[in-house]
Amino acid sequence: MISKFYSLLLILKKEFDLYTAKEIDVHELKLNDIKFKFTFPQKKITSYSHFLRSKSNWEPHCTTVIKSLLNENDSVLQLGTALGYFSCLMKKMQNNESFFWGVEKSIEGSECTKKNFLINEFKNYQLINKTISNKTLGEEITFKNLLENIDKKINFLFTDIEGAEQFIFEDIINHNISIDKIVIGFHLIDEIPTQERKQTRYKYFYTKKKFNEFLLELSKNYHLKIDIDNLILIKK
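Figured I'd write up the structure that's included with this text. (Residues numbered from 1 in each chain as written. Predicted model: local features only at pLDDT ≥ 70, side-chain atom pairs only at ≥ 80, totals over all residues. Heavy atoms only, no water.)

**Some details on the side chain of Asn 155**
1) Next: Along the chain, the position of Asn 155 falls in the loop between helix H6 (143–148) and strand E8 (156–159).
2) Next: Here Ser 75 takes part through its backbone nitrogen, which lies 2.9 Å from a polar atom of the side chain of Asn 155.
3) Next: Within the structure, Asn 155 has its side chain in polar contact with the side chain of Asp 180 (distance 3.4 Å).
4) Next: The residues contacting Asn 155, other than those within four sequence positions of it, are Asn 73, Asp 74, Ser 75, Ile 179, Asp 180 and Lys 181. (Helix = DSSP H or I, 4+ residues; strand = E, 2+ residues; numbered from the N terminus. Polar contact = N/O pair within 3.5 Å; in protein donor to acceptor, adjacent residues only side chain to side chain. Contact = heavy atoms within 4.5 Å.)

Pasting the structure below:
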């Protein structure tokens, strides 16, 4: 009974936060000591994830791991830029000479990331509107082929692509791909209620058994660490 009451309070709080959120064209965000400007599609906060971003409080564990691993001279590749929140953080942390590549499958996310890079006057970057897949065809591209099209060595990889990271794992293992530091959000179908697993949004989620098989192979060349829903890989 008490847990249901607190769940209801949480729902009401989220609705109140969204209702009272200010309509601001450009938000001034501060992630610890890193400041940058940020806007949303149509310049509106339409979801609670938007609200948390506007308060510089979106997935703070990701902010922590990025700030602990990323060096200013690293060449960065991000797969799944979404709206560009962590993209802006990483670009701000780079020095003026370092390059950033960002890949996002949705047009809305790709365009919003582009706007956020423009309002921050970033330089030395390339934003790509493609989907990471197990084949290169049309708007789809494999991780291996993507790296072949990048003319610099990637030192830091950060990715959150809703299950399609399994194709990254496969390419790293099958082609012996070496990157100094990797942070990959992982997505297990076992954690989704059985009645929801056939939804399109979970089509690339995979089993814990398959994930453990990836970990075993990856551990041959990388030190591994699990951080909530991120797998951290550090090259041996």
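There is more to say after this.
**Overview of the packing of helix H3 (residues 60–69) against helix H4 (residues 85–93)**
1) Next: Axis separation between H3 and H4 bottoms out at 11 Å; the angle between their running directions is 20°. Classed by the angle they form, the pair H3 and H4 counts as roughly parallel. Handedness of the H3/H4 crossing: right-handed. Residues Cys 62, Thr 63, Ile 66 and Lys 67 of H3 lie in contact with H4, whose contacting residues are Phe 86, Leu 89, Met 90 and Met 93. (Axes fitted to C-alpha atoms, helices over the stretch in contact; angles between N-to-C directions. Parallel < 35°, antiparallel > 145°, perpendicular 65-115°, else oblique. Left-handed = near helix turned anticlockwise from the far one by under 90°.)

**Thoughts on the sheet that holds strand E4 (residues 100–103)**
1) Next: Spatial ordering of the open sheet is given by E5-E4-E3-E8-E9-E11-E10, a layout of 7 strands whose pairing is mixed. Pairing within the sheet leaves two strands with one partner each, and these edge strands are strand E5 (125–128) and strand E10 (222–227). Shown here is a sheet whose adjacent strand axes are inclined to one another by a mean of 10°, direction ignored.
2) Next: Alignment of strand E9 (residues 181–185) against strand E11 (residues 230–235), held across 5 bridges, turns out to be antiparallel. Across the sheet, Lys 181 pairs through a bridge with Ile 234, a residue of E11.
3) Next: Packing of H3 onto the sheet brings it into contact with E8, E9, E10 and E11, and relative to E11 it is tilted by some 10°.
4) Next: With respect to the sheet, H4 is in contact with strand E3 (76–79), E4, E5 and E8, its orientation differing from that of E3 by roughly 175°. (Pairing = 2+ DSSP bridges.)

**Quick word on the nonpolar core**
1) Next: Grouped together as the largest cluster of nonpolar side chains are 34 residues, with contacts concentrated most on Leu 77, Leu 79, Phe 143, Leu 146 and Ile 168.
2) Next: Those elements giving two or more residues to this core turn out to be E3, E4, H6, helix H7 (165–174), E9, helix H8 (208–218) and E11.
3) Next: Discounting residues that sit within four places of it in the chain, Leu 79 has contacts with Val 103, Ile 132, Phe 143, Leu 146, Leu 157, Phe 158, Thr 159, Asp 160, Ile 161 and Ile 168.
4) Next: The next biggest cluster of nonpolar side chains, apart from the first, holds 31 residues, and it includes Ile 66, Leu 69, Phe 86 and Phe 122. (Core = buried A, V, L, I, M, F, W, Y, C linked by side-chain atoms within 4.5 Å. Buried < 20%, exposed > 50% of the residue type's maximum accessible area, 1.4 Å probe, protein only.)

**A closer look at the packing of aromatic side chains**
1) Next: If you walk through the whole model with that rule in mind, you get 18 aromatic pairs.
2) Next: Ring plane angle 80° and centroid distance 4.8 Å describe the contact between Phe 117 and Tyr 125, whose orientation is recorded as edge-to-face.
3) Next: A relative accessible area of 0% places Phe 117 in the buried class.
4) Next: Taking relative accessible area as the criterion, Tyr 125 reaches 24% and is therefore assigned partly exposed.
5) Next: Taking the centre distance of 5.0 Å and the plane angle of 70° together, the rings of Tyr 202 and Phe 205 count as edge-to-face. The pair formed by Tyr 202 and Phe 205 is uniform in burial state, with each residue classed as buried.
6) Next: Connected via pairs of aromatic rings, a cluster forms that spans Phe 36, Phe 38, Phe 40, Tyr 85, Phe 86 and Phe 158.
7) Next: Sitting over the face of the ring of Trp 58, Arg 53 holds its NZ or CZ atom 4.3 Å from the ring centroid. (Phe/Tyr/Trp six-rings, centres within 6.5 Å; stacked < 30°, edge-to-face > 60°. Lys NZ or Arg CZ within 6 Å of the ring centre and 35° of its normal.)

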